Amino acid sequence: FSKYVNNAPGQKPNDIVPRELQKEALQWIDRNVMEAPMWLYPESVVSKLGVNYIEEINSRQQTVIALLLSPNAVMNLINASMQSAEAYPVEEYLDDVFAMVWKPLTDSDEQQNTFRRYQQRTYVDFIGTALNPAQGSTQRSDAILYFEQHLDRVEQHLKSQQASAGLNALHYKNLLLRLKKIREKYESGK
């Protein structure tokens, strides 16, 4: 993620992936994965093959969010930022990942809104996993501090959505409850 092998003559064999290149990759992921690629699943093909495209899309998006919000990815960015001014700053990275997922739930295609709600629940759950790792796992890097700080950003966003109605209002209320449980578990050290 933050380093790559460079085989070009006269170049460093291992170098930091520049911030702009990583931002470009996130933008591609946003357009081609996080925006559910319905064109890949035409009804005429899906109905004949029996493909569960909803499960496939949710799984792909969940995998991407897990990778983007993994403590190791954040730790690699922290390390890269100490080695190069060209590195992707962690706060900016988390802001960009946040912007990919936390889009308004106002798409005219309700199916896109459903995928977004799933992404947002997944996002909150993976922050919870980062802050409250599995038994026996330890978090020694500053990544946990960045996630704690980012949890505040997510909470502020959810609170700003209080005026939502219907299903979206329930969605945001549910996410605030999840955040509360994540924070309580994290702060209790259990």
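Residues numbered from 1 in each chain as written. Predicted model: local features only at pLDDT ≥ 70, side-chain atom pairs only at ≥ 80, totals over all residues. Heavy atoms only, no water.

1. Observations regarding the overall build of the protein
Right, on to step 1. Across its full length, the protein carries 8 helices and 2 strands.
Right, on to step 2. Starting at the N terminus, the α and β elements of the protein follow one another as β-β-α-α-α-α-α-α-α-α.
Right, on to step 3. Sorting the 190 residues of the protein into buried and exposed places 38% on the buried side.
Right, on to step 4. Taking the intrachain contacts of the protein between residues at least 6 apart in sequence as the baseline, contacts between residues at least 24 apart amount to 66%.
Right, on to step 5. Just so you have it, the protein exposes about 11100 Å², and 53% of that area is on carbon and sulfur atoms. (Helix = DSSP H or I, 4+ residues; strand = E, 2+ residues; numbered from the N terminus. Buried < 20%, exposed > 50% of the residue type's maximum accessible area, 1.4 Å probe, protein only. Contact = heavy atoms within 4.5 Å. Areas by Shrake-Rupley, 256 points an atom, 1.4 Å probe, with all protein chains shown as cover.)

2. Things to note about the packing of helix 3 (residues 53–68) against helix 6 (residues 110–131)
Right, on to step 1. Between helix 3 and helix 6, whose axes approach to 10 Å, the crossing angle comes to 35 degrees. Helix-helix and strand crossings are classified by hand; for helix 3 and helix 6 the assignment is right-handed. When helix 3 is examined against helix 6, the residues Tyr53, Ile54, Ile57, Asn58, Gln61, Gln62, Ile65 and Ala66 are found in contact with a partner set consisting of Gln111, Phe115, Tyr118, Gln119, Thr122, Tyr123 and Phe126.
Right, on to step 2. In the contact of helix 3 with helix 6, the residues fall into 9 nonpolar, 6 polar and no charged. (Axes fitted to C-alpha atoms, helices over the stretch in contact; angles between N-to-C directions. Left-handed = near helix turned anticlockwise from the far one by under 90°. Nonpolar A, V, L, I, M, F, W, Y, C, P; charged D, E, K, R; others polar.)

3. With respect to the nonpolar core
Right, on to step 1. With 38 residues, the main nonpolar core has Trp102, Tyr123 and Val154 as its most contacted residues.
Right, on to step 2. Every element with two or more residues in this core is listed here: helix 1 (19–34), helix 3, helix 4 (71–83), helix 5 (90–101), helix 6, helix 7 (143–160) and helix 8 (166–188).
Right, on to step 3. With residues near it in sequence (within four places) discarded, Val154 still touches Phe98, Trp102, Tyr123, Val124, Ile127 and Leu179.
Right, on to step 4. Listed in part, the 6 residues of the second largest apolar core include Ala36, Tyr41, Val46 and Tyr53. (Core = buried A, V, L, I, M, F, W, Y, C linked by side-chain atoms within 4.5 Å.)

4. What to know about the packing of aromatic side chains
Right, on to step 1. Tallied over the entire structure, the rule returns 5 aromatic pairs.
Right, on to step 2. On the basis of an interplanar angle of 85 degrees and a centroid distance of 5.5 Å, the ring pair of Tyr88 and Tyr93 is categorised as edge-to-face.
Right, on to step 3. The exposure class of Tyr93 is buried, given its relative accessible area of 0%.
Right, on to step 4. Arranged with centres 6.4 Å apart and planes meeting at 80 degrees, the rings of Phe98 and Tyr123 form a pair that is edge-to-face. One end of the pair, Phe98, is in helix 5; the other, Tyr123, is in helix 6, and 25 residues separate them in sequence.
Right, on to step 5. Three or more aromatic residues joined by ring pairs make a cluster, and in this case those are Phe98, Trp102 and Tyr123.
Right, on to step 6. One residue, Arg153, lies across the ring of Phe98, its end atom 3.8 Å from the ring centre. (Phe/Tyr/Trp six-rings, centres within 6.5 Å; stacked < 30°, edge-to-face > 60°. Lys NZ or Arg CZ within 6 Å of the ring centre and 35° of its normal.)

5. Comments concerning the pattern of salt bridges
Right, on to step 1. Following the criterion strictly, the structure yields 12 salt bridges and no others.
Right, on to step 2. One salt bridge in this structure joins Asp125 and Arg178, with 2.9 Å as the shortest N-O distance. Linking Asp125 in helix 6 with Arg178 in helix 8, this pair joins segments that are 53 residues apart in sequence.
Right, on to step 3. The partner of Lys159 in a salt bridge is Glu155, and the shortest N-O contact between them spans 3.7 Å. Remark: Glu155 and Lys159 occur in helix 7; sequence separation between them is 4 residues, near one turn of the helix.
Right, on to step 4. Residue Lys159 is classed as partly exposed on the basis of its relative accessible area, which comes to 48%. (Salt bridge = Lys/Arg side-chain N within 4 Å of Asp/Glu carboxyl O.)

6. Brief notes about helix 7
Right, on to step 1. For helix 7, with 18 residues, the first-to-last C-alpha span of 26 Å sits near the 26 Å given by 1.5 Å per residue.
Right, on to step 2. Every buried residue of helix 7 is accounted for by Ala143, Ile144, Tyr146, Phe147, His150, Leu151, Val154, His157 and Leu158. For helix 7, the angular spread of buried residues about the axis comes to 150 degrees, placing them on one side. Exposed and facing more than 90 degrees away from the buried side of helix 7 are Gln156 and Ser160.
Right, on to step 3. Buried residues along helix 7 sit against helix 4, helix 5, helix 6 and helix 8. (Expected span 1.5 Å × (residues − 1). Arc of directions from axis to C-beta.)

7. A word on the packing of helix 6 against helix 7
Right, on to step 1. It is at 9 Å that the axes of helix 6 and helix 7 come closest, and there the two elements cross at 145 degrees. For the pair helix 6 and helix 7, the sense of crossing is left-handed. Listed contacts from helix 7 to Tyr123, Val124, Ile127, Ala130 and Leu131 of helix 6 are Ile144, Phe147, Glu148, His150, Leu151 and Val154.
Right, on to step 2. Here the contact of helix 6 with helix 7 is composed, by residue class, of 9 nonpolar, 1 polar and 1 charged.

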